[in-house]
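# Observations on chain architecture
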Amino acid sequence: MRGCNNVCSYCVVPYTRGAERSRDPHTIVREACDVFSKGYKEVTLLGQNVDSYFWKSEEGNVNFAALLRMVAEVSPELRVRFSTSNPQDISDEVIETMAAYENICKHIHLPVQSGSDVMLEKMRRRYSREWYLQRVAKIREVLPGCGLTTDVIAGFCGETEQDHQDTLSLFEEVCFDSAFMFYYSERPGTLAAKKYKDDIDIETKTRRLNEIIALQGKCSLKSYQAEVGKTFKVLVEGPSKKSADELCGRASNNKMCVFPDKIHKAGDYVTVKVLSATSATLLCELVEA
Ligand code: SF4
């Protein structure tokens, strides 16, 4: 799908990509079948706000959960990922559909943007901190071990120290696997540019961003180290960056695994056991072909 019907006050997408348009699900399934027949093993359903996917038709309407099911049923050997979810729209049905299909990868990118209700309202995000935390609780209840990543903006217009502390405490509470972290920079033409003063000085923005980055570094390490001793099914992507004797590939939860292996190749599924971890990589051994 393309476009977005939300008008988050900092975002330029609604002006550059236009209103939300969902594609005919049958053409999506046809494309997935086509790439699978050519040897591809993973597809990603893309949209600015994938959870609001909706196709209206006389044969029956198709929402995002139904689309996920249709693509997952192309083959159990085809992995399905999707991005990006919006906390206000990710439904129980989507979360439960993920649980029902092994080949729907257990990773959700759920941009929070701020842990402060005051900032969320100014950003025109249509959820509260509490709603966000409830969605995370639901995901963790139905999909234990599901990868969770986020986006955050430090130093949005009028952000107080308390708002910033609210973001830090949310990061502490959720302990994301990783995050895209930025400080606010005004985009011409957006609602925020018209309505609010970009009034947090660059030193404060940088300090707040660095505090979030430092905290997230600790959370990433904790999250990756919690996987030590577990086994994962990995889709091989190719040689690792550091050594021709090692392969790399992602587990369903999107964590990158590296392991010594000279036999397998890109597109193979292997099972690995995690021996140790950094804050961005699981160092593994092959346990099964
Ligand atoms: Fe849409 Fe995402 Fe931009 Fe909000 S941030 S307007 S949901 S694209």
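Residues numbered from 1 in each chain as written. Predicted model: local features only at pLDDT ≥ 70, side-chain atom pairs only at ≥ 80, totals over all residues. Heavy atoms only, no water.

### Here's the deal with the pairing of strand S10 (residues 256-260)
With 4 of 5 residues buried, S10 lies mostly within the body of the structure. Taking the residues that link successive antiparallel strands as the turn, the strand S9 (residues 246-251)-S10 hairpin has 4 residues, and the phi of Asn-254 there is positive, at about 80 degrees. (Buried < 20%, exposed > 50% of the residue type's maximum accessible area, 1.4 Å probe, protein only. Helix = DSSP H or I, 4+ residues; strand = E, 2+ residues; numbered from the N terminus. Pairing = 2+ DSSP bridges.)

### Quick notes on the sheet that holds strand S7 (residues 178-183)
Spatial strand order, S5-S6-S7: 3 strands in an open sheet with parallel pairing. Two strands close off the open sheet at either side, each with one partner strand: strand S5 (107-109) and S7. Across the sheet, the axes of successive neighbouring strands diverge by a mean angle of 10 degrees, strand direction being ignored. Contacting strand S6 (147-154) and S7, helix H9 (residues 202-225) runs over the sheet at an angle of about 175 degrees to S7. (Axes fitted to C-alpha atoms, helices over the stretch in contact; angles between N-to-C directions. Contact = heavy atoms within 4.5 Å.)

### Some details on the environment of Lys-41
Within the secondary structure, Lys-41 is located in the loop between helix H2 (25-37) and strand S1 (42-46). Residue class for Lys-41 comes out partly exposed when judged on its relative accessible area of 22%. Each C-alpha atom of the pair Lys-41 and Met-256 lies 16 Å from the other, and the pair is 215 residues apart in sequence. Aside from chain neighbours lying at most four places away, what touches Lys-41 is Phe-36, Glu-77, Leu-78, Arg-79, Leu-235, Gly-267 and Tyr-269.

### Some words on the pattern of salt bridges
The full count for this structure, using the stated rule, is 19 salt bridges. Taking the shortest distance from any N to any O, the salt bridge between Arg-207 and Glu-211 comes out at 3.3 Å. One end of the pair is Arg-207 and the other is Glu-211, both in helix H9 and 4 residues apart, which spans about a single turn. A salt bridge links Lys-230 to Glu-227; the shortest N-O distance between them is 2.9 Å. In this structure Lys-230 comes out as partly exposed when scored by relative accessible area, which is 39%. Where salt bridges share partners, they join Glu-159, Glu-161, Arg-207, Arg-208 and Glu-211 into one cluster. (Salt bridge = Lys/Arg side-chain N within 4 Å of Asp/Glu carboxyl O.)

### Considerations on the pairing of S6
Burial of S6 is extensive: 8 of the 8 residues sit out of reach of the surface. Here S6 shows two buried faces, one formed by Gly-147, Thr-149, Asp-151 and Ile-153 and the other by Leu-148, Thr-150, Val-152 and Ala-154. Across 3 bridges, the pairing between S5 and S6 is parallel. Of the residues in S6, the one forming a bridge with His-109 is Thr-149.

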